[in-house]
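# Summary of the model geometry
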Amino acid sequence: MLYIDLTLPISNDAPPFPGDTPPYITTDKTIEKDGFQVQTWTLSSHQGTHIDAPAHVFPKGKCLSDYPLSKFIRPLGALFSSETEPAPNLEISFSDRDMEKLDGSFTSGSVLIFLSGWREIAEKNHYDYFRDAPSLKPEFAEWIASQKFSMFGMDLPSPDWFNDSNLTCHKILLKQDILLLENLYHPENLRKGAGHHLMIHAVPLSVRNAEASPVRVFAYGE
C-alpha cells in the first residue's frame, strides 16, 4: 500500500491566514508533574491544510457536519499544473494540455488537485505566501464546477485573489457542492502514485456546524 501525505503540520510558528487567530498550543499537564500529558489548542478553522464547506460563504450553506463520510474519501481523478509558472497575483486559466488524467479519465465525484509550486516560489523570491498568491480565473472555476468534482484541492491559500472580498471562485465552486482543500503540502508527490488508483482521504474534525476544519489530507492506493 502506498501513502502520500499532503498536510502542513500545525505548530505555534505556523502562519495563519492574515487576520485569523494564530495557532497557540500549550501543555497544561505534564507526565513529570501530573502523570499524564494534556494540551490545549487554539487555532482558526482555516489553519494550515483545511477544508471549506459552503457555509463559509453562504448564509444557509451546508456545514461539514451535513455531509456523509463518503464525501471526504474520494478517488483522485486528475492533476492540473499550469504551463505558466505562478507569479504574484497571476490569474490562472484552464488548458486541456495542463491536465494529467489518471487512468485515462476522471469521473463525477472524484477529486481534482492543482499543483502550482507557489510555496517554493514564494519562499525563493521572498513573496508573501498569502497576499501575493495567484488565483484562479473565474472561467477556470466555472469549468471545475461543470465537471461535478467532489473536492478541489490546491497548494494555494485560496482559489481567490487576496483582495477579492467577494470570494468569487469560492462561491462558484461551493455553490456546486465542490469542497475546497486549501494549503496542500507538496501535492506534486502524487505523481509518484501514477497507476496506483489513488484515493484522497480528507476527513475533517467532527465539529457540529463547522464551515471549515483543519484536516489531515493524504492519498493512498494499491
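Higher on the page you've got the structure.
So, here is what we can say about the structure in this document. Every chain begins its residue count from 1, and numbering advances along the sequence as written. Totals for whole chains, interfaces and linings use every residue, but because this is a predicted model, local features are given only for residues with pLDDT of at least 70 and side-chain atom pairs only at 80 or more, for both listing and counting. Hydrogens are left out, water is left out, and the side-chain values use all remaining heavy atoms of the structure.

## A closer look at the overall build of the protein chain
- The helix and strand labels rest on DSSP assignments: H or I over at least four residues marks a helix, E over at least two residues marks a strand, and numbering proceeds from the N terminus. Looking only at helices and strands, the protein chain features four helices and 14 strands.
- Against the 2.2 N^0.38 benchmark of 17 Å for 222 residues, the protein chain shows a C-alpha radius of gyration of 18 Å, consistent with a compact globule.
- A principal-axis box enclosing the C-alpha atoms of the protein chain has dimensions of 60 × 40 × 40 Å.
- Counting the 222 residues in the protein chain, one finds 45% classified as buried.
- Here, two residues are considered to be in contact whenever any of their heavy atoms come within 4.5 Å of each other. Intrachain contacts of the protein chain at a sequence separation of at least 6 include 72% that bridge at least 24 residues. Each radius of gyration reported is based on C-alpha atoms, and the globular scaling rule is 2.2 Å times the count of residues to the power 0.38. For every residue, the accessible area obtained with a 1.4 Å probe (protein chains only) is divided by the maximum for its type, and the residue is called buried under 20%, exposed over 50%, and partly exposed between those limits.

## Quick notes on the nonpolar core
- Among the nonpolar cores identified, the biggest contains 29 residues, and Leu112, Ile144, Phe152 and Leu173 are the most heavily contacted of them.
- No other element matches helix α3 (residues 138-146), which puts five residues into this core.
- Those residues in contact with Leu173 that lie beyond four places of it in its chain are Ala141, Ile144, Ala145, Phe152, Ile178 and Leu180.
- The next biggest cluster of nonpolar side chains, apart from the first, holds 23 residues, and it includes Phe72, Leu79, Leu115 and Leu181. Throughout, nonpolar core names a set of buried Ala, Val, Leu, Ile, Met, Phe, Trp, Tyr and Cys residues whose side chains join them through atoms within 4.5 Å.

## Focus on helix α4 (residues 168-175)
- When we look at burial in α4, the residues that qualify are Cys169, His170, Ile172, Leu173 and Leu174.
- Tucked inside the fold, the buried residues of α4 contact β4 (50-52), β9 (135-136), α3, β10 (151-154) and β11 (179-182).

## Observations concerning empty space enclosed by the protein
- Lining residues are defined by having an atom within 4 Å of a point belonging to a cavity or pocket. Those points lie on a 1 Å grid over the protein atoms alone, cavities being sets where a 1.4 Å probe fits but cannot get out and pockets being open sets with protein on both sides within 12 Å along at least five of seven lines. Grid points are joined across faces, edges and corners, and a volume is the space filled by probe spheres set on the points. Applying the stated criterion across every chain yields a total of two cavities of 30 Å³ or more.
- In this structure, the largest cavity encloses a volume near 50 Å³.
- As for the largest cavity, its lining consists of Gly117, Trp118, Arg119, Glu120, Asp155, Leu184, Tyr185, His186, Pro187 and Glu188.
- Partitioning the lining of the largest cavity into residue classes produces four nonpolar, two polar and four charged.
- The volume enclosed by the second largest cavity comes to roughly 30 Å³.
- In this structure, the second largest cavity is lined by Phe17, Phe130, Ala133, Pro157, Ser158, Asp160, Trp161 and Phe162. Under the scheme applied here, ten amino acids are nonpolar (Ala, Val, Leu, Ile, Met, Phe, Trp, Tyr, Cys and Pro), four are charged (Asp, Glu, Lys and Arg), and all others, including Gly, are polar.

## With respect to the environment of Thr168
- Mapping Thr168 onto the fold places it in helix α4.
- In sequence terms Thr168 and Phe36 are 132 residues apart; their C-alpha atoms lie 47 Å from each other.
- Thr168 has contacts with Pro138 and Asp160, leaving out every residue within four places of it along the chain.
- Whenever a nitrogen or oxygen atom comes within 3.5 Å of another N or O atom, the pair is scored as a polar contact, on the condition that within protein one atom can donate a hydrogen and the other can accept it, and that pairs from neighbouring residues in sequence are kept only if both atoms are in side chains. Of the polar contacts made by the side chain of Thr168, one reaches the side chain of Asp164; its length is 3.0 Å.

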